[in-house]
Amino acid sequence: MLFRVVAETLSKIEAITSRTAITELLANLFRKTDPEVIDKVVYLIQGKLWPDWRGLPELGVGEKLLIKAIAKATGVRETEVESLYKKLGDLGKVAEALKSRRAGGGGLARFLSGATNALTVNRVYETLKRVALAVGEGSRDLKISLISGLLVDAEPIEARYIVRFVEGRGRIGVGDATIMDALAIAYGGGTAARPVIERAYNIRADLGEVARILVKEGLRALEKLTPEVGVPIRPMLAERLNDPREILAKVGGKGMVEYKYDGERAQIHKKGDEVIIYSRRLENITHQYPDVVEAVRNRIKSKEAIIEGEIVAVDPETREMKPFQELMHRKRKHDIHEAIKEYPVTVFLFDALYNEGEDLTTKPLPERRKTLEMIVEPDETIQLSQYIVTDDPEELEKFFLEAIENGAEGVMVKAIHKDSIYRAGARGWLWIKYKRDYKSEMIDTVDLVVIGAFAGRGRRAGTYGALLMAAYDPDADLFRSVCKVGSGFTDKDLAELPEILKPYIRQSKPRNVDSLMKPDVWVEPALVAEIIGAELTLSPMHTCCRDEVRKGAGISIRFPRFIRWRDDKGPTDATTTKELLEMYKSQLKKISE
Ligand code: ATP
């Protein structure tokens, strides 16, 4: 198949804006396309050589190099190419002009422009591929000679698109949706076939491949298409609402209410020992998470599976969740092994899309969850998402507050009825996100009193891992709980804890303590510590200002950190509950999105 057919279509498309007309032109092109190269033609229309998720190099050859290649192919000096570029502002047009200058335009262009061998789609594609993949010593010269080789044999109009493509400007502004419409018209018997093509693309994010199957095997084959391990599935997305009652009604009365983890979405593909992780945007992010890869290898029992979860940064000591920003440390490639130790993560799995040859995307959520629970053996790095099933808005709200306090962003409410399939690539009401819409930033530290302690685990075994902290309520003369703090302690602080707390340890709750949470040991209110956090928040677990802002919730601190002991303060000098309420109110502001 001649590349000229593609170039001419691109040129016609460039001149029009009507979507219907563009679709017709594309459908015509696809009809004329040799089935053997349909995938390549689709990629070229998309302005790429392969789907982005393959993680292969992009073409994007710099201007300088291109100018050299054009000069070489057309036999003019580089300075002449440059001055023409200044005039025309588009290297594609420059190449076209130089080619047709030799030819003087007209139908005999190929002959007169010096082109001898008509370019085929295959030759153009394969040559561009070699250009993209050429690396290392000598690759610069190789790229120049490959490109100029193509340009020598190109007609003017072909030269325009080859150059633009190499420059990384191959996108002609035709979206995937239009390509799918055109495929439906050309090979699916009309636009009615579009949903079949779209579904296929959603479960296999490779439009060239989908087109190849359609053209070579027919629409039926596409209908039966299942996910393939290694090829990303386009993620299912959620709608958003802020009213628990309305949310439950939308999912059919009863739903699965899950922590909405604040991290990075991960679609994990496993085939034997091979593991690939794709991001929300289907980029290959495997190299950032060698620890997750290892955990998947050892803890997912299936040979072949596609599962989804959220990767969250956690505290190296307490494994408590940290804010999303902490994941940034994983983006730097050079020190990844250091980063694993310093910035550990946990992946919280929430879905299974494929397991041992079975396509689960068409199965209801409870069935997918069951499979997920069957194939995972959780450990520190790999866990299942936390959830409850409820039809009670109040219970939903309580779980929501608890989720936030534990470092989540809110909850995801998911339908569990018989039609609760995994709708790849679609945003809909089967999943609804419920995020907090107010945030009260914490700009100042507070001084809180220790009222309890939790035994340490792992490296903290033998000492305490976290303290339960309270604010003072002078009206009732009570210490009311605010948060559990496990971060910010130095090794020395931790080692000293048992000794510092010892004189105050009590086996039962002291009379002047008000707490719903039960620590491993109670502590007589005496010790004051300075605490900072990301923000003040509402929590069903704590008793500070309970019911004053919202029924069933008290004021708490999100991501609290120990700063230092305040030996200069007695327990009644600590921050009062009233002060916390004022701080909460004055710092309250609408989160602008
Ligand atoms: P969207 O992904 O809906 O376009 P967004 O990128 O702004 O929006 P959010 O609004 O924060 O993201 O919500 C969706 C994201 O929440 C998901 O893409 C996923 O990464 C994350 N997430 C966290 N926990 C869950 C969970 N339990 N179930 C599904 N998604 C979850």
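Just so we're clear, the structure is a prediction, and the values are computed from it rather than from any experiment.

J.: Can you lay out the overall build of the protein chain for me, pointing to particular residues and giving the numbers?
T.: Each helix and strand in the protein chain was counted, giving 21 helices and 23 strands. Each principal axis of the C-alpha atoms in the protein chain carries an extent, and together these give about 100 × 55 × 45 Å. Here the protein chain holds 593 residues, and 56% of them are scored as buried. Roughly 26500 Å² of accessible area belongs to the protein chain as shown, and the carbon and sulfur atoms make up 48% of that amount. Separation of charge centres in the protein chain, based on 93 positive and 92 negative side chains, amounts to 5 Å.

J.: Hey, could you go over the packing of helix H11 (residues 176–187) against helix H12 (residues 194–203) for me, with residue numbers and the actual values?
T.: When two helices pack together, their arrangement is given by the angle between their axes and by how far apart the axes lie. The contact between H11 and H12 brings their axes to 9 Å, and the two run at 130°. Between H11 and H12, the interaxial angle falls into the category oblique. Two packed elements cross with a definite hand, and for H11 against H12 that hand is right-handed. Contact with H11, carried on its side by Asp176, Ala177, Met180, Asp181, Leu183 and Ala184, involves Arg194, Ile197, Glu198 and Tyr201 of H12 and no other residues of that element. Residues of the contact of H11 with H12, tallied by class, amount to six nonpolar, no polar and four charged.

J.: Explain a negative patch on the surface residue by residue, including any values.
T.: On the surface, a cluster of negative charge is made up of Asp391, Asp392, Glu394 and Glu395. Here Glu395 is to be found in helix H19 (residues 393–405). For Glu395, a relative accessible area of 37% gives the class partly exposed.

J.: How would you sum up the side chain of Ser556? Please name residues and give values.
T.: Secondary-structure assignment places Ser556 in strand S21 (residues 554–558). Among the polar contacts made by the side chain of Ser556, one reaches the main-chain carbonyl oxygen of Val482 at a distance of 2.7 Å. In this view, Ser556 contacts Glu405, Val482, Cys483, Glu535, Leu536, Thr537, Ser539 and His542; residues no more than four positions away in its chain are not counted.

J.: Can you explain the site of the ligand? Please cite residues and give values.
T.: What surrounds the ligand is a group of 17 residues, the closest being Lys260, Arg280, Glu310, Arg427 and Lys433. Tyr261 is positioned such that a nitrogen or oxygen atom in its backbone is 3.0 Å from a nitrogen atom of the ligand. The fraction of the free accessible surface of the ligand (610 Å²) that becomes covered by protein chains is 82%. Of all the secondary structure elements, the ones that give two or more residues to the shell around the ligand are strand S1 (237–240), strand S2 (255–260), strand S10 (410–415) and strand S11 (427–435). Examining the composition of the shell around the ligand, we find that four residues originate from one element, S11, more than from any other. Within the shell around the ligand, the residues separate by chemical class into seven nonpolar, no polar and 10 charged.

J.: Break down helix H2 (residues 19–32) for me, citing the residues and quoting the values.
T.: Helix length check: H2, at 14 residues, gives a terminal C-alpha distance of 20 Å against a target of 20 Å (1.5 Å per residue), a fit within 8%. Among the residues making up H2, those that are buried are Ile22, Thr23, Leu25, Leu26, Ala27, Leu29 and Phe30.

J.: Can you break down the packing of helix H4 (residues 63–74) against helix H9 (residues 139–153) residue by residue, with the values?
T.: In the contact formed by H4 and H9, the axes pass within 8 Å of each other and the chain directions differ by 45°. In terms of orientation, H4 and H9 fall into the oblique class. The element H4 and its partner H9 pack so that their crossing is right-handed. Two secondary-structure elements touch here, H4 through Leu65, Leu66, Lys68, Ala69, Ile70, Lys72 and Ala73 and H9 through Arg140, Lys143, Ile144, Ser145, Ile147, Ser148, Leu151 and Val152. Residues belonging to the contact of H4 with H9 are distributed by class as follows: nine nonpolar, two polar and four charged.

J.: Run through the packing of aromatic side chains, naming residues and quoting values.
T.: Tallied over the entire structure, the rule returns 10 aromatic pairs. Judged by centre distance (5.3 Å) and plane angle (70°), the rings of Phe562 and Trp565 are edge-to-face. Of the two residues examined, Phe562 and Trp565, each falls in the buried class. Chaining the aromatic ring pairs together yields one cluster made of Tyr259, Tyr261, Phe348 and Phe399. Above the ring of Trp429, the side-chain terminus of Lys250 is found at 4.4 Å from the ring centroid. If you follow Lys484 out to its NZ or CZ, it ends over the ring of Phe454, 4.3 Å from the centre.

J.: Residue-level account of the environment of Val229, with values.
T.: Tracing the backbone shows Val229 in the loop between helix H14 (219–223) and S1. Considering only alpha carbons, one finds Val229 and Gly357, 128 residues apart in sequence, at a separation of 9.2 Å. The contact partners of Val229, leaving out residues within four places of it in the chain, are His269, Lys270, Lys271, Glu304, Ala305, Ile306 and Tyr354.

J.: Kindly report on the domain arrangement of the protein chain, identifying the contributing residues and their values.
T.: The figure often quoted for interface size is the accessible area lost as the parts come together. Under the domain assignment, the protein chain is made up of domain 1 (48–167), domain 2 (237–435) and domain 3 (446–592). One C-alpha centre belongs to domain 1, the other to domain 2; they are set 46 Å apart.

J.: How would you summarise the pattern of salt bridges if you had to cite specific residues and measurements?
T.: If you walk through the whole model with that rule in mind, you get 48 salt bridges. A salt bridge links Lys129 to Glu126; its shortest N-O distance comes to 3.9 Å. Linking Lys129 with Glu126, this pair stays in helix H8 (residues 121–133), spanning three residues, or about one helical turn. By relative accessible area, Lys129 is classed as partly exposed at 28%. Its relative accessible area of 30% is what places Glu126 among the partly exposed residues. Measuring nitrogen to oxygen at the nearest pair gives 3.2 Å for the salt bridge that ties Arg297 to Glu294.

J.: Outline the nonpolar core, listing residues and values.
T.: Phe30 and Leu467 are the most contacted members of the largest nonpolar core, which totals 149 residues. The residues contacting Phe30, other than those within four sequence positions of it, are Ile38, Val41, Val42, Ile179, Ala182, Leu183, Ala186 and Tyr187. Counting residues in hydrophobic clusters, the runner-up holds 25 residues, among them Val293, Val296, Val345 and Ala352.

J.: Can you break down the pairing of strand S5 (residues 304–313) residue by residue, with the values?
T.: Of all 10 residues in S5, nine are buried, a share of seventy percent or more. Pairing between strand S3 (residues 264–271) and S5: eight bridges, direction antiparallel. When the sheet's bridge partners are listed, His269 is paired in S5 with Ile306.

J.: Account for unusual backbone geometry, naming residues and giving values.
T.: Here Leu282, not a glycine, exhibits a phi torsion of approximately 65°, which is positive. Here Leu282 is to be found in the loop between strand S4 (274–278) and helix H16 (290–299). Leu282 sits in the buried class, given a relative accessible area of 10%. Its identity as a non-glycine residue notwithstanding, Asp547 has a phi of 70°, on the positive side. Looking at the secondary structure, you find Asp547 in the loop between strand S20 (535–539) and S21.

Analysis parameters
Residues numbered from 1 in each chain as written. Predicted model: local features only at pLDDT ≥ 70, side-chain atom pairs only at ≥ 80, totals over all residues. Heavy atoms only, no water. Helix = DSSP H or I, 4+ residues; strand = E, 2+ residues; numbered from the N terminus. Buried < 20%, exposed > 50% of the residue type's maximum accessible area, 1.4 Å probe, protein only. Areas by Shrake-Rupley, 256 points an atom, 1.4 Å probe, with all protein chains shown as cover. Lys, Arg positive; Asp, Glu negative; His and termini not counted. Charge placed at Lys NZ, Arg CZ, Asp CG, Glu CD. Axes fitted to C-alpha atoms, helices over the stretch in contact; angles between N-to-C directions. Parallel < 35°, antiparallel > 145°, perpendicular 65-115°, else oblique. Left-handed = near helix turned anticlockwise from the far one by under 90°. Contact = heavy atoms within 4.5 Å. Nonpolar A, V, L, I, M, F, W, Y, C, P; charged D, E, K, R; others polar. Patch = residues over 30% accessible without salt bridge, like charges linked within 9 Å, V, L, I, M, F, W, Y side chains within 5 Å. Salt bridge = Lys/Arg side-chain N within 4 Å of Asp/Glu carboxyl O. Polar contact = N/O pair within 3.5 Å; in protein donor to acceptor, adjacent residues only side chain to side chain. Near = heavy atom within 4 Å. Expected span 1.5 Å × (residues − 1). Phe/Tyr/Trp six-rings, centres within 6.5 Å; stacked < 30°, edge-to-face > 60°. Lys NZ or Arg CZ within 6 Å of the ring centre and 35° of its normal. Domains from an automatic or database assignment. Core = buried A, V, L, I, M, F, W, Y, C linked by side-chain atoms within 4.5 Å. Pairing = 2+ DSSP bridges.

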